[in-house]
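# Coordinate inspection notes
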Amino acid sequence: MIVEKLAIVGTGLIGGSFALALKQAGAVGEVLGVGRNPARLTVARELGLIDRAVDWAEAGRADCILLAMPVGETEAVLKNLAPHLKPGAIVTDAGSTKSDVVEAARAALGTRFADFVPGHPIAGSEQSGPGAARADLYQGKRVVLTPQDKTRAGAIATVRALWEAAGAQVETLEAAQHDRIFAAVSHLPHLAAFALVDDLAQRADGDTFFRFAASGFRDFTRIAGSSPEMWRDIALANREAVLAELDAYLDALQLLRQAIDAEDGDALLKIFSRARAAREHWMKTQDS
């Protein structure tokens, strides 16, 4: 057993799957649930994700607390927790942005900032809520930790051990580097999917477009089924990096537009071939 008592703030897909995986691995004793929605906590308990729903005071007495709610709520949640944290309690998170989370933790935790381990599991689904949780969500997936200079070594080791017990491969990055990378490979694709679906939905004949949409459209836009609240928070939290990636993507789309307008088949073939080769190389590294 790694920790006797684990508290989860946000018992949906990410937090619930973390709890299930650790229970299955025998890495935790009791799992406590905290959240703003009593009905969701009841479902989480009925599904076995948590053992009990508790208040902030009892959550603060856990050995480790995972924050698994939208990143925009981080500072408020930490301010609720901070007065109740027992000595040695570790706080970590699963947010998709890190620089803003680190600053929120620094502001809210004060002298307990050394006990905060920023993290981001690279796993998920367009599904949400307790019913979407599953014990194998993190099997073979990467989790990125972005510890700070003052982060306590023992806290990092414990959080690493918990994620490894859940089946994940743990890596570390600087927070700013993390945010630049994920603005490109995660945040931008979600924004593109949301934008395309919304564009078609706003057209007077949008229903006709959707009626003829098939597997390619479904695959590209699957992530537009994700939580609007969560992605609003991510877009705003990682604003500068997301804007830079949007600008780069708009430049790439403009090149495509120019090639099509000029009927430049050679330019199109070069872009498409280069992209396919890059994707095939990436897929091989995923399989290895």
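Further up the page is the structure itself.
First things first, this report covers the structure right here in the doc. (Residues numbered from 1 in each chain as written. Predicted model: local features only at pLDDT ≥ 70, side-chain atom pairs only at ≥ 80, totals over all residues. Heavy atoms only, no water.)

Helix and strand counts for the protein chain come out as twelve helices and nine strands. For the protein chain, whose C-alpha radius of gyration is 21 Å, the value lies close to the compact-globule estimate of 19 Å for 288 residues. Within the span of the protein chain, comprising 288 residues, buried residues form 42% of the whole. Within the protein chain, counting contacts between residues at least 6 apart in sequence, those at least 24 apart form 76% of the total. Taken as a whole, the protein chain presents about 15100 Å² of accessible surface, with 53% of it coming from carbon and sulfur. (Helix = DSSP H or I, 4+ residues; strand = E, 2+ residues; numbered from the N terminus. Rg over C-alpha atoms; globule rule 2.2 N^0.38 Å. Buried < 20%, exposed > 50% of the residue type's maximum accessible area, 1.4 Å probe, protein only. Contact = heavy atoms within 4.5 Å. Areas by Shrake-Rupley, 256 points an atom, 1.4 Å probe, with all protein chains shown as cover.)

With that settled, the discussion passes to the packing of aromatic side chains. One pass over the structure, following the stated rule, counts three aromatic pairs. With centroids separated by 4.4 Å and ring planes inclined at 50°, the aromatic side chains of F18 and W163 adopt a geometry described as tilted. Separated by 145 residues along the polypeptide, F18 in helix α1 (residues 13–25) and W163 in helix α6 (residues 153–165) bring together distant segments of the chain. Pairing F210 with F217 gives two aromatic rings, centres 5.9 Å apart and planes at 70°, and the pair type is edge-to-face. Assessed through its relative accessible area of 30%, F210 is described here as partly exposed. An aromatic cluster is built from F18, Y138 and W163, whose rings are joined through pairwise contacts. Looking at R203, its charged tip hangs above the ring of F209, at a distance of 5.0 Å from the centre. (Phe/Tyr/Trp six-rings, centres within 6.5 Å; stacked < 30°, edge-to-face > 60°. Lys NZ or Arg CZ within 6 Å of the ring centre and 35° of its normal.)

This next bit is on the pattern of salt bridges. In a structure, side chains of opposite charge can pair up when their charged atoms sit close to one another. Tallying each qualifying case throughout the model produces 19 salt bridges. A salt bridge links E58 to R52; the shortest N-O distance between them is 2.7 Å. For the salt bridge of E280 with R276, the shortest nitrogen-to-oxygen distance reads 4.0 Å. Taken as a pair, E280 and R276 lie in helix α12 (residues 265–287) at a separation of four residues, close to a single helical turn. (Salt bridge = Lys/Arg side-chain N within 4 Å of Asp/Glu carboxyl O.)

If you trace the six strands from one edge of the open sheet to the other, you get β3-β2-β1-β4-β5-β6, paired in parallel fashion. Each of the sheet's edge strands pairs with one partner strand only, and the pair in question is β3 (52–53) and β6 (116–117). Along the sheet, α1 contacts β1 (3–9), β2 (28–34) and β4 (64–67); its crossing angle with β1, the most-contacted strand, is approximately 165°. (Pairing = 2+ DSSP bridges. Axes fitted to C-alpha atoms, helices over the stretch in contact; angles between N-to-C directions.)

This part covers a nonpolar patch on the surface. Together, L196, F220, Y249, L250 and L253 line one region of the surface with nonpolar side chains, adding up to about 420 Å² of accessible area. Examining the composition of the nonpolar patch, we find that three residues originate from one element, helix α11 (residues 239–261), more than from any other. (Patch = residues over 30% accessible without salt bridge, like charges linked within 9 Å, V, L, I, M, F, W, Y side chains within 5 Å.)

On to the environment of E46, then. Topologically, E46 is positioned in helix α2 (residues 38–46). Separated by 84 residues in the primary sequence, E46 and P130 place their C-alpha atoms 9.8 Å from one another.

Attention now goes to helix α7 (residues 175–201). Its 27 residues place the ends of α7 36 Å apart at the C-alpha level, agreeing with the 39 Å of an ideal helix rising 1.5 Å per residue. At A183, α7 is bent by approximately 50°, the largest bend along its length. Every buried residue of α7 is listed here: A175, H178, D179, F182, A183, S186, H187, L188, H190, A192, A193 and L200. (Expected span 1.5 Å × (residues − 1). Bend = angle between axes of the 7 residues up to and from the residue.)

This next bit is on the packing of α7 against helix α10 (residues 228–237). α10 packs onto α7 with a crossing angle of 125° between their chain directions and a minimal axis gap of 11 Å. Accordingly, the angle class assigned to the pair α7 and α10 is oblique. You can see that α7 and α10 cross each other, and the crossing is left-handed. Here α7 contributes S186, H187, H190, L191 and F194 to the contact with α10, which in turn contributes W231, I234 and A235. Looking at the contact of α7 with α10 residue by residue, the class counts come to five nonpolar, three polar and no charged. (Parallel < 35°, antiparallel > 145°, perpendicular 65-115°, else oblique. Left-handed = near helix turned anticlockwise from the far one by under 90°. Nonpolar A, V, L, I, M, F, W, Y, C, P; charged D, E, K, R; others polar.)

Attention shifts here to the environment of A135. Locating A135 in the fold gives a position in the loop between β7 (119–121) and β8 (142–145). The exposure class assigned to A135 is buried, which follows from its relative accessible area of 18%. Put simply, A135 and K23 are 112 residues apart on the chain and 8.6 Å apart in space, counted from C-alpha to C-alpha. Once residues lying within four places of it in the same chain are set aside, the contact partners of A135 are S17, L20, A21 and Q24.

This paragraph deals with the sheet that holds strand β9 (residues 169–172). Sheet architecture is open: three strands sit in the order β7-β8-β9, paired in mixed fashion. Of all strands in the sheet, those with a lone pairing partner are β7 and β9, marking the two edges. The sheet shows a mean angle of 20° between the axes of neighbouring strands, taken without regard to direction. In the sheet, β7 pairs with β8 via three bridges, with the strands oriented antiparallel. In the sheet register, G119 faces β8, and the bridge partner there is L145.

Keep in mind these values describe shape, not function.
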